[in-house]
Amino acid sequence: MSASAIHFGTSGWRGIIAEDFTFSQVRRAVAAIAKFLKIEKSESRGVVVGHDTRFFSEEFAREAGKILQSHSIPSYRCASAAPTPAIAFEIVRRAAAGGINFTASHNPAAYNGLKFSGANGAPALPEVTREIEKIAGAITEEDFYGRGAAISESMEVRDGYLDDLATKIDLRAIAAANLHFVFDPLFGCGSGYLDHLLKQHGVKVETVHAQRDTLFGGHTPDPSEERLAETGARVAASGAALGLATDGDADRFGILDRDGHFVSPNHLIGLLADYLHETRGWREGLARSVATTHLVDAVGQHHGLPVYETAVGFKYMGELLMSGKIFLGGEESAGLTIRGHVPEKDGILACLLAAEMVAKRGASLGEQLDSLFRKVGSYYPRRINLPLTAKIQDRLKEELKRDFATFGGRKVARADRTDGLKLLFEDDTWILLRVSGTEPVCRIYCEGHSQAESDALTEIAKTFVTG
């Protein structure tokens, strides 16, 4: 990406601080958003501006507010670091024109980013971000600041967001179960949100890695199995019911069972789909991305619920949620939201639902998953990122355009090109290959009906990719 190019990917525009993500580029992006809002004639409603705990996020947010005001657009700026879902809630609560959020989510500490959300609180759709990119490409430095003026308001968003969450979770049941939890916000925005709400309702919570650290303890703020190993050991040693974790901007979740073992986000999505249907009586559909487990489909079939498949990117879930077609949308990358909530992934919400499910069912997540498998069949998803040389990347892009009757000795029942190439086999196992557009990597997703079968599918995919 050239120094002058601003490109919005699956979840916003991101770049390395001081190399790609600079004050000049931020000014360009925000000025482009301001011009876009004026074209849409929604600028008078103002923009919510938020930031995470990363290096210079607060300063970027402050500069964004100044630019918006100079273009006669009211700026409602979060006074402290705030989770992405809390910012989405505030956009909707204020009936703002949209939101600008400075965060690189779960990326390494060297990165920062900008997410733009629409008036509905959902991530902006590609047709919107493409227009903003086009405007940004034509902007000169003289256009960064306008000649107008508008109000600027500093605000806290925590209480309103948490009060709303409290209406969607059975916090009394969690408290009555007399359980305790370990919470790891990974030095990010979840700190002081999830743990605060639980403590408010008499639930015992031990919080680790709560302070701001712009280097995230020397790791990426990603609630993955590897990253949460230390916290998992603490969960097992303390006798906690669960370990709960959120990523840098708290839109993704990580869950550890009472023995400290990591629970796949795919499996938690399937469990919550089953649980929410049974306890809430919701009968709308379920949505999953093309890369997410077919356990969701099996749960839907078991309960007679429609299942919708989307491309990768939570913005597509938001559309289905707002149309009333689904009560739960989830992605394998640990994104989830539910009916009546903002159309944005929410790691805090997912953690609280997991806590409620354990409290009310009185069984570990492992025990609940075994029970679900007995009802609908077993599903073992796996994902790896395989580095590519330039030569392999070019060859692979061409090979993925082919039609396949068989793949690795397995008969292909159907091919799905929603996002990458997904090959579905006759026994409902599958392989998905997606070549990254931003880095030399092939993302391989596989799912079998046992761990061994999933591992075998992964090896088949790896052999195909590397030739």
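Keep in mind the model is a prediction, meaning the values are calculated, not measured.

Engineer: Outline the overall build of the chain, listing residues and values.
Structural biologist: Regarding its fold elements, the chain presents 15 helices and 21 strands. Taken over the C-alpha trace, the chain has a radius of gyration of 22 Å; the compact-globule value for 467 residues is 23 Å, and the two agree within 12%. C-alpha extents for the chain along the principal axes are approximately 65 × 60 × 40 Å. A burial count over the chain gives 58% of its 467 residues as buried. Sequence-distant contacts, at least 24 apart, represent 69% of the contacts inside the chain between residues at least 6 apart. Here the chain contributes 53 positive and 61 negative side-chain charges, whose respective centroids are spaced 3 Å apart.

Engineer: So what's going on with helix α11 (residues 315-322)? Residues and values would help.
Structural biologist: Every α-helix carries 3.6 residues per turn, so stepping three or four residues along brings you back to the same face. Every buried residue of α11 is listed here: Lys-315, Met-317, Gly-318, Leu-320 and Leu-321. A positive backbone phi angle near 80° is found at Gly-324, which sits one or two residues after α11.

Engineer: I'd like a description of the sheet that holds strand β8 (residues 204-207), backed by residues and values.
Structural biologist: Read across the sheet, five strands follow the order β8-β7-β9-β10-β11 without closing on themselves; strand pairing throughout is mixed. Across the chains shown, the open sheet's two edge strands, defined by having one partner strand only, are β8 and β11 (262-263). As paired strands, strand β7 (residues 180-184) and β8 are joined by four bridges and run parallel to one another. If you follow Phe-181 over to β8, its bridge partner there is Val-205. Helix α8 (residues 229-238) contacts β7, β8, β9 (242-246) and β10 (253-256) of the sheet and is inclined by roughly 165° relative to β7. Packed on one face of the sheet, helix α12 (residues 347-361) meets β7, β9 and β10 and runs near 170° to β9.

Engineer: Which residues make up the pairing of strand β5 (residues 111-117), and what are the values?
Structural biologist: Of all seven residues in β5, six are buried; the element is thus mostly enclosed. Pairing analysis gives four bridges linking strand β4 (residues 98-102) to β5, with the strands arranged antiparallel. Counted as the bridge partner of Asn-101 is Lys-115 from β5.

Engineer: Please set out the packing of helix α9 (residues 265-280) against helix α13 (residues 365-376) residue by residue, giving values where relevant.
Structural biologist: Look at α9 against α13: their axes get within 10 Å of each other, and the N-to-C directions meet at 75°. Comparing their axes, α13 and α9 come out roughly perpendicular. For the pair α9 and α13, contact is made by His-267, Leu-268, Gly-270, Leu-271, Asp-274 and Glu-278 and by Leu-365, Gln-368, Leu-369, Leu-372, Phe-373 and Lys-375, respectively. Tallied by class, the residues present in the contact of α9 with α13 amount to six nonpolar, three polar and three charged.

Analysis parameters
Residues numbered from 1 in each chain as written. Predicted model: local features only at pLDDT ≥ 70, side-chain atom pairs only at ≥ 80, totals over all residues. Heavy atoms only, no water. Helix = DSSP H or I, 4+ residues; strand = E, 2+ residues; numbered from the N terminus. Rg over C-alpha atoms; globule rule 2.2 N^0.38 Å. Buried < 20%, exposed > 50% of the residue type's maximum accessible area, 1.4 Å probe, protein only. Contact = heavy atoms within 4.5 Å. Lys, Arg positive; Asp, Glu negative; His and termini not counted. Charge placed at Lys NZ, Arg CZ, Asp CG, Glu CD. Pairing = 2+ DSSP bridges. Axes fitted to C-alpha atoms, helices over the stretch in contact; angles between N-to-C directions. Parallel < 35°, antiparallel > 145°, perpendicular 65-115°, else oblique. Nonpolar A, V, L, I, M, F, W, Y, C, P; charged D, E, K, R; others polar.

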